[in-house]
Structure formats: C-alpha cells, structure tokens
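One letter stands for each residue in the lines below.
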Amino acid sequence: KAVEFAPGSFPGHNALGRLLVETGDLKGGIEQLEIATRLDPGSPQNHIALATAYGKAGRTEDAKRERQIFLDLRKELDAAEKR
C-alpha cells in the first residue's frame, strides 16, 4: 500500500523489496530495492538491503559493490556526527 500511496518515496519501496526478498521473490525484491536506491542513493539502509538481495541471488559483484557503498556512506555519516 505504501508504494501505491507514495510511489516517489523510498521507504515503501525498501520495505516492499525486503519483504519480497524474504518471501523468496528475489527478482521482485531486487527491483523494488533498486527503485528505493535510485530514489535515495544516500541511504545506507537501501544499499545494505540491496547488497543482501544481490547476495541471495548469486550476484556477488553487485553485492560487493553495494556493501562498499554502504560502508562508505556509514563512514561519512559517522564522521559528520563527530563534528
């Protein structure tokens, strides 16, 4: 429902994507997580969820890339919090 009511908002796509992945719909879940990531590329949670989905789908290089983006974003956020 969240995706229907707010298609341009990343949290609904992220939640739906994670749910689809957990219930075995890797293709659908990855599609939703990719949308979430495009909508908010600065969100670490989008990248780690996408990395997990890619890993489950056997897309190891994609998973590795998304994990690195996640780590880079976390490092930036941690540094900003210390200022």
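Check the entry above for the structure.
Because the structure is predicted, anything quoted here is derived from the model rather than measured. (Residues numbered from 1 in each chain as written. Predicted model: local features only at pLDDT ≥ 70, side-chain atom pairs only at ≥ 80, totals over all residues. Heavy atoms only, no water.)

Chemist: Describe in detail the pattern of salt bridges, supporting the description with residues and values.
Modeler: Inspection of the entire model under this criterion finds 6 salt bridges. Its salt-bridge partner being Glu66, residue Arg65 comes within 3.3 Å of it at the nearest N-O pair. Residue Glu66 is classed as buried on the basis of its relative accessible area of 5%. A network of salt bridges, in which partner residues are shared, links Arg59, Asp62, Arg65 and Glu66. (Salt bridge = Lys/Arg side-chain N within 4 Å of Asp/Glu carboxyl O. Buried < 20%, exposed > 50% of the residue type's maximum accessible area, 1.4 Å probe, protein only.)

Chemist: Describe helix 2 (residues 10-22), and please don't skip the residues or the numbers.
Modeler: Over its 13 residues, helix 2 extends 18 Å from the first C-alpha to the last, a length consistent with the 18 Å expected when each residue adds 1.5 Å. Within helix 2, the full set of buried residues consists of Phe10, Gly12, His13, Asn14, Gly17 and Val21. Packed against the buried residues of helix 2 are helix 1 (2-5), helix 3 (26-39) and helix 4 (44-56). Directly after helix 2, the chain includes Gly24, whose backbone phi takes a positive value near 100 degrees. (Helix = DSSP H or I, 4+ residues; strand = E, 2+ residues; numbered from the N terminus. Expected span 1.5 Å × (residues − 1). Contact = heavy atoms within 4.5 Å.)

Chemist: With reference to specific residues and values, describe the side chain of Thr37.
Modeler: Among the secondary structure elements, Thr37 is positioned in helix 3. For Thr37, a relative accessible area of 10% gives the class buried. Excluding anything up to four places from it in sequence, Thr37 contacts Asn46, His47 and Leu50.

Chemist: Tell me what's going on with helix 4, and back it up with residues and numbers.
Modeler: With 13 residues, helix 4 should reach 18 Å at 1.5 Å per residue; the first-to-last C-alpha distance of 19 Å fits that figure. Residues Pro44, Asn46, His47, Ala49, Leu50, Ala51, Ala53 and Tyr54 constitute the buried set of helix 4. Its buried side turned inward, helix 4 meets helix 2, helix 3 and helix 5 (60-82). Trailing helix 4 by a residue or two, Gly58 shows a phi angle of about 80 degrees, which is positive.

Chemist: Pulling in residues and values, what's your account of the environment of Ala51?
Modeler: Inspection of the secondary structure assignment puts Ala51 in helix 4. Note: C-alpha distance between Ala51 and Ala63 (12 residues apart in sequence) is 4.2 Å. Residue contacts for Ala51: discarding those within four places in its chain leaves Ala63, Glu66 and Arg67.

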